[in-house]
Amino acid sequence: MEYNTIKYTVDNGILTLLLNRPDNMNAFTIEMSDELAAAFTRASEDDDVRVIVVTGAGRAFCAGMDLSTSGNVFGLHENSEPTIEQMQDPDSMPGVRDSGGKVTLAIYECKKPVIAAVNGAAVGIGATMICAMDIRLASEKARIGFVFGKIGIAPEACSTWFLPRIVGMQQSLKWMLSGEIFDAQEAQAGGLIYEVCEAESLLTNAYKMARQIADNTAPVSSALIRQMMYRNSAAAHPVEAHKVESLAVFYTSRGDGKEGVAAFLDKRAANFESKVSSDMPSFYPWW
Amino acid sequence: MEYNTIKYTVDNGILTLLLNRPDNMNAFTIEMSDELAAAFTRASEDDDVRVIVVTGAGRAFCAGMDLSTSGNVFGLHENSEPTIEQMQDPDSMPGVRDSGGKVTLAIYECKKPVIAAVNGAAVGIGATMICAMDIRLASEKARIGFVFGKIGIAPEACSTWFLPRIVGMQQSLKWMLSGEIFDAQEAQAGGLIYEVCEAESLLTNAYKMARQIADNTAPVSSALIRQMMYRNSAAAHPVEAHKVESLAVFYTSRGDGKEGVAAFLDKRAANFESKVSSDMPSFYPWW
Amino acid sequence: MEYNTIKYTVDNGILTLLLNRPDNMNAFTIEMSDELAAAFTRASEDDDVRVIVVTGAGRAFCAGMDLSTSGNVFGLHENSEPTIEQMQDPDSMPGVRDSGGKVTLAIYECKKPVIAAVNGAAVGIGATMICAMDIRLASEKARIGFVFGKIGIAPEACSTWFLPRIVGMQQSLKWMLSGEIFDAQEAQAGGLIYEVCEAESLLTNAYKMARQIADNTAPVSSALIRQMMYRNSAAAHPVEAHKVESLAVFYTSRGDGKEGVAAFLDKRAANFESKVSSDMPSFYPWW
């Protein structure tokens, strides 16, 4: 598979997804949206990929939508009057659907843990895209901004769903309503960034975290954890989590759990053999 | 419009809502409930208002329900046996509905950002009312208490919905179950207060934050951000956010977004002309 | 009532639930699951219990599932192929239901505040069990781990519902995906532990917090606060909270609220006489 705007590189279980338009500060395009969505969907089923690290080429992470294109800079077909009823099937509305949301919904569906390594400016879709990733590391040089109000538009990429789950309502509203650009330290203090690193250590630290997951945990467990956490936590009652968790423990306890428990009792490293491409339990997907 | 318990003052895009019963520590009454709900509804459509700052006259913010009235101090009609079925239409239950909830539901529906400037005691409804506001600043002299358990009643003003979204479940339960009074520093450490200020700087800082929003962002964007953030984040799946966000970006990209992008590319301040009274996109309200 | 794996001790309004298999680091068994679920259900209706403190005998809190049993170590009946449809009635699936979830669902239903005093290792079900408790204190010697991925299984005890509500999505995913063991300081920094204590002060501090609630607040208020906070905060719209809160204030305002307001005005301690066994308002349970 060939990509024009990103690079897909797998090394020893870790996929690096590189936003790769360095001469344009990795500004987001419709092509990049399609390629990113396809890459996350591919990685979800690729057993060679245990963990995904996303970063940017050059000095920016992603400077937002590429505003240099002609016509509607967001790639939207302006000659229509779409309604909320029509949007109930987003696939039927290609010229209306938010291109950022296509990417973050692909991340949401992904079976692999996703770590953002925010190496520089992450603005607009650059900021909202990382909200759908699981853990965010940032260089001390990173600058982040949910600038939608400043350019007269609205937040996207499902950020109005993801961001409050990460930083709570007050910090979400402060950043969104002000549209301000803030630095990595403020992003960490506010709960968006898990760890701020020196610029030269960012990727090292991101890979270290990815390796810790890849080397010590079971692939099927990781896939179940991601899906259960995002989906079950949004349920109205904990019994909904109980139903899914019961089946998840049931099936894994006679799958990778046999090896996991044996290895634990033997005080040795576990050797998990299940693959997410073929060995997800029969109740998956349960939704 | 005349008010007895509050003051409604608009200055250069910023509405100050002053709780104005200083001789009674701005204690909450049924009249204040009605006036506050009306004021937020009015401000929502008032194009002269870009941002709302709420504060208290004198040394208190709001010391809670006025307990000096005769009969049921909460203004409730005790001779009835209301059921949860009857409450499905709250408007039909005027003598039963919580008066604090009327205010916070009006804030929830409001199209304008709301900043609380907590100048002193904020207890009972004084504490729960601010949970529905978007960003909370407090004087170092502020004292806050969710004291419902101490007086044998229950939390109100939709605080059981708003508070956990701001500070998480553990801090919410600690403050609510203990009924304790805590100071501004603890409120900030727990995530309720965004910034603690010296008493004399509180309003200056609140207005500075309000001005930053009013001067740099589009009114329609602010309205969409508020409504999308509170509503979409409570959905079960991010695709629900995607549906609304897609339309929000679609319509704003051919509205204020044209000016916003042009101004950005020209490196000049944007001049947004849309008004929330008349220019909300056709899919609004989408619920 | 006799228990084999726990101790149930009530002293002056405070129930201590002691996990009591110290020679096995209080490892969790199916018997402990049944006894804990029964104890929380009993305490919920026991008017002698105002607040519950949960701690472990010996040096551990709970070291996880007892892996020394023969057959399926999680007590599951492996010869079946349960589906998500069958799990819609968890009671009908005794050999499939997660035993940890039985305990946390009993905690969820409980009318009494629950304080965890984490005295040592809290791993696996030891870690997830405390997520359903209201406030968590920990000894500086505590070590916590959501180790499910490391042994090839999946999170349980409704932790995928509770944990993100306490610490947010990023910290939840970090701990769950890594399966790492972390100390009390990290647990506090991440928001899971409310207060870290010297080992010898842990129970003293937990009882002090329990006593503050027991001595100063009304039992019916505590029960309503717990149920309203967990249930209303998971609703899609604040008006759902408003419906319940209105009734809660209505009925308590003519119950314990009379004494509470009178005591407040008289500047004396309140003497609340309502009991949760018999005096919950008529709309309870409202779900």
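Residues numbered from 1 in each chain as written. Chains lettered and ligands numbered in written order. Predicted model: local features only at pLDDT ≥ 70, side-chain atom pairs only at ≥ 80, totals over all residues. Heavy atoms only, no water.

Caption draft 1: A look at the nonpolar core. Phe 146 of chain A, Phe 146 and Leu 192 of chain B together with Phe 146 and Leu 192 of chain C are the most contacted members of the largest nonpolar core, which has 317 residues in total. Apart from the residues within four sequence positions on either side, Phe 146 of chain C is in contact with Ala 127, Thr 128, Cys 131, Leu 163, Trp 175, Met 176, Gly 179, Glu 180, Phe 182 and Leu 192 of chain C. (Core = buried A, V, L, I, M, F, W, Y, C linked by side-chain atoms within 4.5 Å. Buried < 20%, exposed > 50% of the residue type's maximum accessible area, 1.4 Å probe, protein only. Contact = heavy atoms within 4.5 Å.)

Caption draft 2: Representation of the relation of the copies chain A and chain C. The transformation that overlays chain A on chain C combines an axial shift of 0.0 Å with a rotation of 120 degrees, and the residual RMSD is 0.0 Å. Taken together, these values place the two copies in the relation of a three-fold axis. (Least-squares fit on C-alpha atoms with pLDDT ≥ 70 in both.)

Caption draft 3: Seen up close, the interface of chain A and chain C. On the side of chain C, 54 residues touch chain A, which itself brings 55 residues to the contact. Between chain A and chain C, roughly 4600 Å² of surface is buried when both sides are summed, and carbon and sulfur atoms account for 66% of that area. On inspection of chain A and its partner chain C, the count reaches two salt bridges. The shortest N-O distance in the salt bridge between Lys 258 of chain A and Glu 78 of chain C comes to 2.6 Å. (Buried area = accessible area lost by both parts, 1.4 Å probe. Salt bridge = Lys/Arg side-chain N within 4 Å of Asp/Glu carboxyl O.)

Caption draft 4: Region of the structure containing the side chain of Arg 97 of chain A. For Arg 97 of chain A, the location among the structural elements is in the loop between β3 (51-56) and α2 (99-109). Judged by its relative accessible area of 13%, Arg 97 of chain A falls in the buried class. Only 2.8 Å separates the side chain of Arg 97 of chain A from the side chain of Asp 91 of chain A, close enough to count as a polar contact. Sequence-distant contacts of Arg 97 of chain A, that is, excluding residues within four places in its chain, are made with Leu 76, Met 87, Pro 90, Asp 91, Lys 102 and Leu 105 of chain A together with His 242 and Ser 246 of chain B. (Helix = DSSP H or I, 4+ residues; strand = E, 2+ residues; numbered from the N terminus. Polar contact = N/O pair within 3.5 Å; in protein donor to acceptor, adjacent residues only side chain to side chain.)

Caption draft 5: Spotlight on the domain arrangement of chain A. Residue and element names in this part refer to chain A. Domain annotation for chain A reports domain 1 (6-213) and domain 2 (217-287). Summarising the inter-unit geometry, the C-alpha centres of domain 1 and domain 2 are found 27 Å apart. Taken together, the contact pairs 18 residues of domain 1 with 16 residues of domain 2. With both sides pooled, the region where domain 1 packs onto domain 2 buries about 1400 Å², and carbon together with sulfur makes up 46% of that total. The three residues of domain 1 that bury the most area against domain 2 are Asp 47, Tyr 108 and Lys 111, which together make up 41% of that side's buried surface. Here domain 1 and domain 2 share two salt bridges between them. Ionic pairing is found between Arg 231 and Glu 109, a salt bridge with its closest N-O pair at 3.1 Å. Viewed at the interface, domain 2 and domain 1 are joined by 13 residue pairs in polar contact (both at pLDDT 80 or more). When its residues are assigned to classes, the side of domain 1 that touches domain 2 shows nine nonpolar, one polar and eight charged. (Domains from an automatic or database assignment. Nonpolar A, V, L, I, M, F, W, Y, C, P; charged D, E, K, R; others polar.)

Caption draft 6: View of the interface of chain C and chain B. Counting from both sides, the interface comprises 55 residues of chain C and, opposite them, 54 residues of chain B. Between chain C and chain B the total buried area reaches about 4600 Å² when both faces are included, carbon and sulfur atoms providing 66% of it. At the boundary of chain C and chain B, one finds two salt bridges. Salt-bridge contacts for Arg 254 of chain C lead to Glu 81 of chain B; the nearest nitrogen and oxygen are separated by 2.7 Å. Linking chain C with chain B are 26 residue pairs in polar contact (both at pLDDT 80 or more). Breaking the side of chain C that touches chain B down by element, the ones donating at least two residues are β6 (135-139), α4 (159-178), α6 (202-216), α7 (219-232), α8 (238-253) and α9 (256-266) of chain C.

Caption draft 7: Main features of unusual backbone geometry. Tyr 284 of chain B connects to Pro 285 of chain B through a cis peptide bond whose omega is -10 degrees. Turning to its location among the elements, Pro 285 of chain B is positioned in the segment after α9 (256-266). With phi around 60 degrees, Ala 157 of chain A is a residue other than glycine that occupies positive phi space. Since its relative accessible area comes to 0%, Ala 157 of chain A is described here as buried.

Caption draft 8: Quick peek at the pattern of salt bridges. The final tally for this structure, using the stated rule, is 36 salt bridges over all chains. The salt bridge partner of Glu 240 of chain A is Lys 243 of chain A, with a shortest N-O separation of 3.1 Å. With a gap of three residues between them, Glu 240 of chain A and Lys 243 of chain A both fall in helix α8 (residues 238-253), about one helical turn apart. Here Glu 45 of chain C ties to Lys 111 of chain C by a salt bridge, and the two come within 2.8 Å at their closest N and O atoms. Of this pair, Glu 45 of chain C sits in helix α1 (residues 30-45) while Lys 111 of chain C sits in the loop between α2 (99-109) and β4 (114-118), and the two are 66 residues apart along the sequence.

Caption draft 9: The arrangement of the environment of Arg 59 of chain A in detail. Residues and elements named next belong to chain A. If you trace the backbone, Arg 59 turns up in the loop between β3 and α2. In the structure, Arg 59 is positioned 116 residues away from Trp 175 in sequence and 23 Å away in space, judged by C-alpha atoms. Setting aside residues no more than four positions away along its own chain, Arg 59 makes contact with Met 25, Asn 119, Gly 120 and Ala 121.

Caption draft 10: The pairing of strand β4 (residues 114-118) of chain B, seen in detail. Residues and elements named next belong to chain B. The buried fraction of β4 amounts to five of the five residues, a majority that puts the element mostly inside the structure. Residues of β4 alternate between two faces, with Val 114, Ala 116 and Val 118 on one and Ile 115 and Ala 117 on the opposite face, all of them buried. Examined bridge by bridge, strand β3 (residues 51-56) and β4 share three bridges and lie parallel to one another. Considered in β4, the bridge of Val 54 is made with Ala 116. Remark: the β3/helix α2 (residues 99-109)/β4 crossover connection has right-handed handedness. Pairing geometry for β4 and strand β6 (residues 135-139), over four bridges, is parallel. If you follow Val 118 over to β6, its bridge partner there is Ala 138. (Pairing = 2+ DSSP bridges. Right-handed = clockwise from strand over helix to strand, strands pointing away.)

Caption draft 11: Quick peek at the sheet that holds strand β3 (residues 51-56) of chain C. Residue and element names in this part refer to chain C. Spatially, six strands are ordered β1-β2-β3-β4-β6-β9 in an open sheet, and the strand pairing comes out mixed. Of all the strands in the sheet, the pair left with one neighbour each is β1 (6-11) and β9 (195-197). Strand after strand, the sheet turns through a mean of 20 degrees between neighbouring axes, direction not considered. Relative to strand β2 (residues 14-19), β1 runs antiparallel, the two sharing six bridges. Across the sheet, the residue bridging to Tyr 8 is Leu 17, located in β2. In the packing of α6 onto the sheet, the strands contacted are β1, β2, β3, β4, β6 and β9, and the crossing angle to β3 comes to about 170 degrees. (Axes fitted to C-alpha atoms, helices over the stretch in contact; angles between N-to-C directions.)

Caption draft 12: Quick peek at the relation of the copies chain C and chain B. Superposing chain C onto chain B takes a rotation of 120 degrees plus a shift of 0.0 Å along the axis, which leaves an RMSD of 0.0 Å. Take the interface residues of chain C: only 2% of them recur as interface residues in chain B, which is what a contact between different surfaces looks like.

Caption draft 13: Seen up close, the sheet that holds strand β8 (residues 181-183) of chain C. Residue and element names in this part refer to chain C. The sheet built from three strands is open, its strands ordered β5-β7-β8 with mixed pairing. Looking at which strands have only one partner, the edges of the open sheet turn out to be β5 (121-123) and β8. Sheet twist, expressed as the average angle between the axes of neighbouring strands with direction ignored, equals 20 degrees. As paired strands, strand β7 (residues 143-145) and β8 are joined by three bridges and run antiparallel to one another. Across the sheet, residue Gly 145 finds its bridge partner in β8, namely Ile 181.

Caption draft 14: A look at the packing of α1 of chain C against α2 of chain C. Residue and element names in this part refer to chain C. At a minimum axis separation of 9 Å, α1 and α2 run at an interaxial angle of 10 degrees. By the angle between their directions, the pair α1 and α2 is classed as roughly parallel. Contacts from Ile 30, Ser 33, Asp 34, Leu 36, Ala 37, Phe 40, Thr 41 and Ser 44 in α1 reach Ser 99, Lys 102, Val 103, Ala 106, Ile 107 and Glu 109 in α2. When its residues are assigned to classes, the contact of α1 with α2 shows seven nonpolar, four polar and three charged. (Parallel < 35°, antiparallel > 145°, perpendicular 65-115°, else oblique.)

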